[in-house]
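So the chains spell out like this:
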Amino acid sequence: MKRYSIVAVLLLVFLTIKSENTRSIVLLDQGWRFINQEVTGAEKPNLNDANWQKVVVPHDWAILGNFDMNIDRQYVQVKADGETTAQLRTGRTGALPTFGVGWYRKVLPINKSDEGKVISVEFDGAMSLAKVYLNGVYIGEQPYGYSSFMFDLTSHVQFGKDNILAVRLENKPESSRWYSGAGIYRNVRLVKTAPVHIAHWGTFITTPTVNSKSADVNIKTELNGTSDKANVKLVTEVYTSNGEKVSTVTSSQKLAAKLNFNQQLKIKNPQLWSIETPNLYTAISKVYVDNVLTDEYKTSFGCRTIRFDKDNGFFLNEKPVKIQGVCLHHDLGPLGAAVNYRATLRQLEIMKEMGANAIRTSHNPPSPEQLQICDSIGLLVNVEAFDEWKHSKNKNGYGSYFDEWSQRDLRSLIRRDRNHPSVIMWSIGNEITEQGMPEGKEIARKLADACHEEDPTRPVTAGFNNHNQAIKSGLADVLDIVGFNYKPQDYKKKHDEYPNFVILASETASTVSSRGEYKFPVKEIKGVWHEDYQVSSYDLEYPGWATTPDTEFQAQDDNEFVLGEFVWTGFDYLGEPTPYNEGTPARSSYFGIVDLAGLKKDRFYLYQSKWSDKPMLHLLPHWNWHDRLGQNVPVYCYTNYPKAELFVNGKSMGIKQKDKSNKYTRYRLMWKDVVYEPGEIKVIAYDVNNKAVAEQVIKTAGNSHSLRLTADRPTIRSGGKDLSFITVEVVDKDGNLCPRASNLLFFEVSGNGKLKAVCNGNAIDQTSFGSNYMNAFNGKMVAIIESGEAPGDVVLKVSGGKLVPQEMKIRCE
């Protein structure tokens, strides 16, 4: 096993350099026209698009549509008892209108004064089968909807005239296993540079040696362009986050069509990038041709080392770190796939609060914003490229394009992301069909070689659900890290059999639950199914291949050599509504530790009790069980305190502390014999000295009376992109949450903002996210407010039936 050491870079290609004589970057967000149908000649500049819809990019054309369980109905082949049958799948891709053709058009901000410059357009992602035209001329295409790409437009620009950019997208049915979104769902930029300039994704910064006293920094820079001038000089300056210059280096070469600079410098007493202290530096690269500045390019990076040991796990800056990670799909719940910085930050902040220190970008390249945030708040990242290779899991999946595009897509991904300090490994596939096929090893070798060629500093991995086949075929031998999906029972066995394997639990648990739902009798259920299409929040239910969190906790704790785990999943996501895939109203997942609205399930606190050092105490279930009067209602406590005592209406149920007698008592405190009577339950936590240090009380709520509104941020930025997530709770007259309330609520917004979406986290609710009404789910839901372009107040009013209505003011500055 190799030793890996890296200083990574956040390549902020979207930062605007203000110098008029160098690089100019314009965000192409406003002024787009869109139509969701095929239009003959839509690429032609003289087409009249006045009746097309005006949209802002990033844009997901499907997310505010109506749910329809007939959309993308699929039949998949399922093996059971030695027989293969076709099984109906509904809601697999979210039951939203993502499929079909969409056209986008925009007049580009190009002036006569731009003549002589290189003009290019950059897409962070367009879903999918993108074909790009300028002034009616075909420029290029990009089939993979998750890939970022760039086209040089210069030769087709009409300087001094309108330049019409047209983009055709098409989502084919049966092309995904989850909600893909639809449209230009990530950012687009117009880039103007001098003829001699730094290439697209043209910097690569590494640190061969890092310690507390010094960091050796290697900066590779690629330049493009021609000129009649002879001498090219590259000056690279490095600054701290406070703007202090800490190092500089200058190099010169004779001009050529392509130039590659390899510069070295030192940083004294570097501020290391870590999970706790994610310190970042900025490298400013300046290009001079015969001493005239022609380009200026900023790259953010951090100083840190990574190492993976087959026996002792993962090391960050030579300190052992257990990976406590979650898998995240790319959608933002009720906002769909359209990238929003604040919504992405909110997701990652919630994961960090839980104690997570890593994410896996399942199962595709992430948005640049996601990695930027991980760099800035201190989260490790396993960047995944593909869910399919040649043998598709879907009729119209990526396998149709794999032979032609996989190398380009993978190399583009690595060049874009190889400079992020947060990125610690590349995953070339998830549960790919070729695990047991003869060609699988050779495909994996080519992909792994591409990773190592583009970035020799990070290891390559993949997630195997058929690990025995992957080992037998030799595919696992090609990888630096062997990823096991749902194999906690095999860690020790495989470590003993293959002692040189570095083992990662690349996908774990897949426990399912519905926020605020509890099923009786309380028991562990493998292959769960309930007739109401909900799942219990006692966190003991899971599909046939999966486990409970405690099963994985135990395997991780008992096998220190395992690098750590990535739980499936941090958040619920649209599509893949397991276990209710077969002809049900379910249209989103139940796997999430947090629900689709961003509300925490009980499971959040179970992981927090295991992963976080911050003292915490959480009691479940709620205490409104009029239908179980005098019957058993077990009470659980998730906590990282050493012991706790439960009281029911003031009567002690005894003190519990964790023990290793079984996997559940090892990680949970449980009072299994509690008999329900209305009133209150209270838990008191004790420290090691038996001192009471924390408590939580849950009371039986009365009838629904009023509403309580809580904003995650009462002040947001104007500009039309910032968001405030407002939690709406149905409460009784004393302010207690009504935990089974399902009142229909209406939302009105006035002032300088708008209602962006509503969501209650209920996987079977068929109300559009774009509606101004929705039922509460188990007493809660979320309304999302988007800021207006100009400063001013936004007022949200929520009402429903005879509930006392409530208002909340959000300030836009």
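As the structure is a computational prediction, the values presented were derived from the model and not from experiment.

Enquirer: When you look at the overall build of the protein chain in this model, what are you seeing that I'm missing?
Expert: If you tally the helices and strands in the protein chain, you get nine helices and 49 strands. The C-alpha radius of gyration computed for the protein chain amounts to 27 Å, which stays within 12% of the reference 28 Å derived for 813 residues, consistent with globular compactness. Taking the principal axes of its C-alpha atoms as reference, the protein chain extends roughly 90 × 65 × 60 Å. Counting the 813 residues in the protein chain, one finds 62% classified as buried. In the protein chain, once contacts between residues fewer than 6 apart in sequence are set aside, the share between residues at least 24 apart is 71%. A total accessible area of about 30700 Å² is found for the protein chain, and carbon and sulfur atoms account for 46% of it. Within the protein chain, the 95 negative side-chain charges are centred at a point lying 2 Å from the centre of the 96 positive side-chain charges.

Enquirer: What is the right way to look at the packing of aromatic side chains in this model?
Expert: A complete count under the given rule lists 37 aromatic pairs for this structure. Centre to centre, the rings of Trp529 and Tyr580 are 5.0 Å apart; their planes meet at 70°, and the pair counts as edge-to-face. With Trp529 in the loop between β31 (525-526) and β32 (541-542) and Tyr580 in the loop between β33 (564-568) and α8 (602-611), this pair connects stretches of sequence that are 51 residues apart. Taking relative accessible area as the criterion, Tyr580 reaches 0% and is therefore assigned buried. Relative to Phe591, the ring of Trp545 has its centre 6.3 Å away and its plane inclined at 50°; by these criteria the two rings are tilted. Pair noted here: Trp545 is in the loop between β32 and α7 (549-558) and Phe591 is in the loop between β33 and α8, with a separation of 46 residues, a long-range link. Under the relative-accessibility criterion, Trp545 is labelled partly exposed at 43%. The ring of Phe204 carries the charged tip of Arg418 above its face, separated from the ring centre by 4.2 Å.

Enquirer: Could you clarify how one ought to interpret the pattern of salt bridges in this entry?
Expert: Two side chains that carry opposite charge are able to pair once their charged atoms sit near each other. Evaluated as defined, the whole model comprises 52 salt bridges. The closest approach of N and O atoms between Glu318 and Arg307, which form a salt bridge, is 2.9 Å. Highlighted residues: Glu318 in the loop between β22 (313-316) and β23 (319-321) and Arg307 in strand β21 (residues 306-309), separated in sequence by 11 residues. Residue classification places Glu318 among the partly exposed residues on the basis of a relative accessible area of 36%.

Enquirer: Explain helix α1 (residues 341-354) here, please?
Expert: Residues spaced three or four apart along an α-helix face the same direction, because each turn holds 3.6 residues. End to end, α1 covers 20 Å across 14 residues, agreeing with the expected 20 Å (1.5 Å per residue, within 8%). Counting buried positions along α1 yields 10 of 14 residues, so the element is predominantly enclosed. All buried positions along α1 are accounted for by Arg342, Ala343, Thr344, Leu345, Arg346, Gln347, Leu348, Ile350, Met351 and Met354. Against β24 (323-328), β25 (358-361), α2 (368-377), α8 and β43 (723-731) lie the buried residues of α1.

Enquirer: Honestly, the sheet that holds strand β35 (residues 635-639) in this entry has me stumped. Any pointers?
Expert: The strands making up a sheet are joined through hydrogen bonds of the backbone, oriented either antiparallel or parallel. One open sheet accounts for three strands, arranged β34-β35-β38; its pairing is antiparallel. In this open sheet, the two edge strands, each paired with only one partner strand, are β34 (617-620) and β38 (669-671). Each adjacent strand pair in this sheet contributes to an overall mean axis angle of 15°, direction not counted. Pairing of β34 with β35 involves four bridges; the strand directions are antiparallel. Bridging across to β35, His618 finds its partner in Tyr638. Along the sheet, α8 contacts β34 and β35; its crossing angle with β35, the most-contacted strand, is approximately 45°.

Enquirer: What is the right way to look at unusual backbone geometry in this model?
Expert: In terms of backbone geometry, most residues other than glycine have negative phi values and most peptide bonds are trans. A cis amide bond links Trp568 with the next residue in sequence, Thr569, at an omega value of -10°. Within the fold, Thr569 resides in the loop between β33 and α8. Here Thr578 and Pro579 are connected by a cis peptide whose omega angle stands at 10°. When you line up the elements, Pro579 lands in the loop between β33 and α8. Positive phi outside glycine occurs at Asn135, with the angle close to 55°. Its place among the elements puts Asn135 in the loop between β9 (130-134) and β10 (137-142).

Enquirer: Quick question: what am I supposed to make of the nonpolar core here?
Expert: One broad trend across soluble globular proteins is that nonpolar side chains are buried collectively. Phe314, Trp389, Leu410, Ile428 and Trp623 are the most contacted members of the largest nonpolar core, which totals 129 residues. A total of six residues in this core trace back to one element, the largest contributor, which is helix α4 (residues 440-454). Those residues in contact with Ile428, other than ones at most four positions away along the chain, are Phe386, Trp389, Leu410, Ala444, Leu447, Ala448, Cys451, Val460, Thr461, Ala462 and Leu479. Membership of the second largest hydrophobic core comes to 75 residues, among which are Leu96, Ile184, Ile716 and Val798.

Enquirer: What am I meant to see in the sheet that holds β24 here?
Expert: Pairing within the closed barrel is parallel, and its eight strands lie in the order β24-β25-β26-β27-β28-β29-β30-β33. Between one strand and the next, the sheet's axes are offset by a mean angle of 25°, whatever the strand orientation. By the bridge criterion, three bridges tie strand β30 (residues 503-509) to β33 in an arrangement that is parallel. Along β33, the bridge assignment pairs Ala509 with Trp568.

Enquirer: Is there a simple way to explain the layout of surface pockets in this structure?
Expert: Once rolled over the atoms, a probe with the size of a water molecule shows which space is left empty. Size it by volume and the largest pocket reaches roughly 1500 Å³. Lining the largest pocket are 44 residues, with Arg89, Arg177, Glu431, Asn465 and Trp545 sitting closest to its centre. For the lining of the largest pocket, the elements supplying multiple residues, two or more each, are β5 (74-80) and β6 (83-89). Ranked by the residues each element gives to the lining of the largest pocket, the list is headed by β5, at five residues. Each residue belonging to the lining of the largest pocket can be placed in one class, and the counts come to 14 nonpolar, 19 polar and 11 charged. In this model, the second largest pocket occupies a volume close to 1200 Å³. Taken together, 46 residues make up the lining of the second largest pocket; nearest its centre are Asn340, Gly720, Lys721, Lys756 and Glu786. When contributions to the lining of the second largest pocket are tallied by element, the ones reaching two or more residues are β4 (53-55), α1, α2, β45 (753-759) and β47 (780-787). Broken down by element, the lining of the second largest pocket gets its largest block of residues, six residues, from β45.

Enquirer: I'm lost on the pairing of strand β29 (residues 481-485) in this one. Help?
Expert: Put simply, side chains in a regular strand alternate between the two faces of the sheet. For β29, the buried fraction is high: five of the five residues fall into the buried class. Both faces of β29 are covered, namely the face carrying Ile481, Gly483 and Asn485 and the face carrying Val482 and Phe484. Sheet analysis places strand β28 (residues 460-464) next to β29, joined by four bridges and oriented parallel. Following the sheet pairing, Phe464 is matched in β29 by Phe484. Alignment of β29 against β30, held across four bridges, turns out to be parallel. Paired with Phe484 across the bridge in β30 is Ala505. In this view, the connection linking β29 to its parallel neighbour β30 by way of helix α6 (residues 491-497) has right-handed handedness.

Enquirer: How should I be thinking about empty space enclosed by the protein in this particular structure?
Expert: For the structure shown, the criterion picks out 10 cavities of 30 Å³ or more. Its boundaries defined by the atoms lining it, the largest cavity holds a volume of some 350 Å³. Around the largest cavity, the lining comprises 24 residues; the ones closest to its centre are Tyr144, Tyr146, Ser175, Gly397 and Tyr398. Across the lining of the largest cavity, the residue classes break down as nine nonpolar, 10 polar and five charged.

Enquirer: Explanation requested: a nonpolar patch on the surface in the structure shown.
Expert: Taken together, the side chains of Leu744, Phe746 and Tyr773 define a hydrophobic patch exposed on the protein surface, amounting to about 250 Å² of accessible area. Its location among the elements puts Leu744 in strand β44 (residues 744-751).

Enquirer: In this structure, what is going on with α4? I would like to understand it.
Expert: Under the 1.5 Å per step criterion, the end-to-end length of α4 is 21 Å for 15 residues, consistent within 8% with the ideal 21 Å. Taken together, the buried positions of α4 are occupied by Gly440, Ile443, Ala444, Leu447, Ala448, Ala450, Cys451, His452 and Glu454. At its buried positions, α4 is contacted by β14 (197-210), α3 (402-417), β27 (423-430) and β28.

Basis of the calculations
For every chain, the first residue of its written sequence is number 1, and the numbers climb from 1 along that sequence. At least 70 in pLDDT is required for a residue's local features to be given in this predicted model, at least 80 for side-chain atom pairs to be given and counted, and no such filter applies to totals for whole chains, interfaces and linings, which use all residues. Excluded from the side-chain calculation are hydrogens and water; included are all heavy atoms of the structure. Helix and strand assignments come from DSSP, with helices taken as H or I runs of at least 4 residues and strands as E runs of at least 2, each series counted from the N terminus. Just to be clear, the radius of gyration here is over C-alpha atoms, and the globule rule we use is 2.2 Å times residues to the power 0.38. Note on classification: 1.4 Å probe, protein chains only; a residue is buried when its accessible area is under 20% of the maximum for its type, exposed when over 50%, partly exposed between these limits. Residue contacts follow a heavy-atom distance rule, with two residues in contact if any of their heavy atoms lie within 4.5 Å. Every accessible area reported is derived by Shrake-Rupley at a probe size of 1.4 Å, with residue values counting cover from the shown protein chains alone. Lys and Arg are tallied as positive, Asp and Glu as negative. Neither His nor the chain termini are counted. For this purpose, a charge sits on NZ of Lys, CZ of Arg, CG of Asp or CD of Glu. Pairs were defined over the aromatic rings of Phe, Tyr and Trp, the Trp ring being its six-membered one, requiring ring centres within 6.5 Å. Orientation was assigned from the angle between planes: stacked under 30 degrees, edge-to-face over 60, tilted for the rest. Definition used: whenever NZ (Lys) or CZ (Arg) falls within 6 Å of the ring centre and also within 35 degrees of the ring normal, the charge is taken to sit over that ring. Salt bridges are defined as contacts in which a side-chain nitrogen from Lys or Arg sits within 4 Å of a carboxyl oxygen from Asp or Glu. The span expected for a helix works out to 1.5 Å for each residue beyond the first. In this scheme, strands are said to pair when DSSP sees at least two bridges between them. Lines fitted to C-alpha atoms define the axes here, with helix axes fitted over just the stretch in contact, and angles between the N-to-C directions of these axes take values from 0 to 180 degrees. Only buried residues count toward a nonpolar core, which is a set of Ala, Val, Leu, Ile, Met, Phe, Trp, Tyr and Cys residues joined through side-chain atoms within 4.5 Å. A cavity here means a set of 1 Å grid points, computed over protein atoms only, where a 1.4 Å probe fits but cannot escape. A pocket is an open set with protein on both sides within 12 Å along at least 5 of 7 lines, and lining residues have an atom within 4 Å of a point. Grid points are joined across faces, edges and corners, and a volume is the space filled by probe spheres set on the points. Under the convention adopted here, Pro, Cys and the residues Ala, Val, Leu, Ile, Met, Phe, Trp and Tyr are nonpolar, Asp, Glu, Lys and Arg are charged, and Gly plus all remaining residues are polar. Crossovers are described as right-handed under a simple rule: with the strands pointing away from the observer, the path leading from the first strand over the helix to the second runs clockwise. Like charges within 9 Å and nonpolar side chains (Val, Leu, Ile, Met, Phe, Trp, Tyr) within 5 Å are joined into patches, using only residues over 30% in relative accessible area that form no salt bridge.

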